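Chain residues, written in single-letter form:
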Amino acid sequence: PREIWKLRGQDYSPEAKRKLGEMVEKRRPVELEKPVTRVSVMRHGPTTFNKEKRVQGNVDTDIVPSDSVPFFEKIGAKNTPKPDVIVVSSLKRSRQTAEALKQYLGWPDIEIVVNEGFNEKKWGIMEGLTHAQARDLLLQDEKLVRKYPYLATEEALKTVWEDPKFKAPGGGESLGGEDAREQP
């Protein structure tokens, strides 16, 4: 519980700290004296690019509407607490997922706010390519292969996605660049 108090940056009263400690131990909500901001994060619904295993990045693709309900059921969306607002990226798939979620959960009154800071990482010239094509493209660049020897492995793209130092060629961003862009 001490870590939670520090992370939230709040100075709770001893009674609130006791209640917060109970909540953590019993894993259930407890009323606190100060309002608590709850943030839920959800990925966009399935797109044709996902199904085709293509690099999306900032390519503005649509979700597959018929896949929305199975997607929401899979992630347990019915357990999502009703928010005051839904914040989405400027990409269509993000807005479409939020609209579909509102309809699925019966939240017609919830406002959707667009924030470009939530846009996905830019993958440069790899955007639109299949994962296999993107890997082949990366392997053609000897300098990149020397710098990132893991590119020659089968798990190359998974590793690239997770490497905070890797900057996609042709105008892409590193994960660090994306993180810096998302800061308020």
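So, a few notes on the structure that sits alongside this text.

Cut-off values and rules
Residues numbered from 1 in each chain as written. Predicted model: local features only at pLDDT ≥ 70, side-chain atom pairs only at ≥ 80, totals over all residues. Heavy atoms only, no water. Helix = DSSP H or I, 4+ residues; strand = E, 2+ residues; numbered from the N terminus. Buried < 20%, exposed > 50% of the residue type's maximum accessible area, 1.4 Å probe, protein only. Contact = heavy atoms within 4.5 Å. Areas by Shrake-Rupley, 256 points an atom, 1.4 Å probe, with all protein chains shown as cover. Expected span 1.5 Å × (residues − 1). Axes fitted to C-alpha atoms, helices over the stretch in contact; angles between N-to-C directions. Parallel < 35°, antiparallel > 145°, perpendicular 65-115°, else oblique. Pairing = 2+ DSSP bridges. Right-handed = clockwise from strand over helix to strand, strands pointing away. Patch = residues over 30% accessible without salt bridge, like charges linked within 9 Å, V, L, I, M, F, W, Y side chains within 5 Å. Salt bridge = Lys/Arg side-chain N within 4 Å of Asp/Glu carboxyl O. Phe/Tyr/Trp six-rings, centres within 6.5 Å; stacked < 30°, edge-to-face > 60°. Lys NZ or Arg CZ within 6 Å of the ring centre and 35° of its normal.

### Re the overall build of the protein
Turning to step 1, where the next piece is worked out: The number of helices and strands found in the protein is nine helices and two strands.
Turning to step 2, where the next piece is worked out: Counting from the amino terminus, the protein carries its helices and strands in the arrangement α-α-α-α-β-α-β-α-α-α-α.
Turning to step 3, where the next piece is worked out: By the burial criterion, 34% of the 184 residues in the protein qualify as buried.
Turning to step 4, where the next piece is worked out: Sequence-distant contacts, at least 24 apart, represent 59% of the contacts inside the protein between residues at least 6 apart.
Turning to step 5, where the next piece is worked out: Per element, the accessible surface of the protein, about 12100 Å² overall, is 52% carbon and sulfur.

### Some thoughts on helix α5 (residues 92-105)
Turning to step 1, where the next piece is worked out: The end-to-end C-alpha separation of α5 is 20 Å, in line with the 20 Å expected for 14 residues at 1.5 Å each.
Turning to step 2, where the next piece is worked out: Within the span of α5, buried status applies to Arg-93, Ser-94, Thr-97, Ala-98, Ala-100, Leu-101, Lys-102, Tyr-104 and Leu-105.
Turning to step 3, where the next piece is worked out: The elements touched by buried residues of α5 are α4 (68-75), β1 (85-88) and β2 (111-114).
Turning to step 4, where the next piece is worked out: Just beyond α5, the residue with positive phi is Gly-106, at close to 70 degrees.

### Points about the packing of α4 against α5
Each packed pair of helices is defined by two parameters, the angle between the axes and the distance between the axes.
Turning to step 1, where the next piece is worked out: Close contact between α4 and α5 brings their axes to 10 Å; oriented N to C, the two are set at 75 degrees. With respect to α5, the element α4 is oriented roughly perpendicular. Listed contacts from α5 to Ser-68, Val-69, Phe-71, Phe-72 and Glu-73 of α4 are Thr-97, Ala-100, Leu-101 and Tyr-104.

### Some thoughts on the environment of Val-59
Turning to step 1, where the next piece is worked out: On the secondary structure map, Val-59 appears in the loop between α3 (48-51) and α4.
Turning to step 2, where the next piece is worked out: Sequence-wise, Val-59 and Lys-92 are 33 residues apart; in three dimensions their C-alpha atoms are separated by 9.5 Å.
Turning to step 3, where the next piece is worked out: Val-59 has contacts with Phe-49, Arg-93, Glu-127 and Gly-128, leaving out every residue within four places of it along the chain.

### Considering the pairing of β2
Turning to step 1, where the next piece is worked out: With four bridges connecting them, β1 and β2 associate as parallel partners. Its bridge partner lying in β2, Val-85 is registered against Glu-111.
Turning to step 2, where the next piece is worked out: As a crossover connection, the stretch from β1 through α5 into β2 is right-handed.

### Observations concerning a nonpolar patch on the surface
Turning to step 1, where the next piece is worked out: Nonpolar side chains collect at one region of the surface, where Val-85, Val-87 and Phe-118 lie side by side and expose about 240 Å² of accessible area between them.
Turning to step 2, where the next piece is worked out: Among the secondary structure elements, Val-87 is positioned in strand β1.

### Focus on the environment of Glu-99
Turning to step 1, where the next piece is worked out: Take Glu-99: it is sitting in helix α5.
Turning to step 2, where the next piece is worked out: C-alpha separation for the pair Glu-99 and Ile-112, spaced 13 residues apart in sequence, amounts to 8.2 Å.

### Notes on the packing of aromatic side chains
Turning to step 1, where the next piece is worked out: Summed over the entire model, instances satisfying the criterion amount to two aromatic pairs.
Turning to step 2, where the next piece is worked out: Ring centres of Phe-71 and Phe-72 lie 5.6 Å apart, and the angle between their planes is 50 degrees; on these two criteria the pair is classed as tilted.
Turning to step 3, where the next piece is worked out: One aromatic cluster is present, built from ring pairs that chain together Phe-71, Phe-72 and Tyr-104.
Turning to step 4, where the next piece is worked out: The ring centre of Trp-123 lies 4.0 Å from the NZ or CZ of Lys-121, which sits over that ring.

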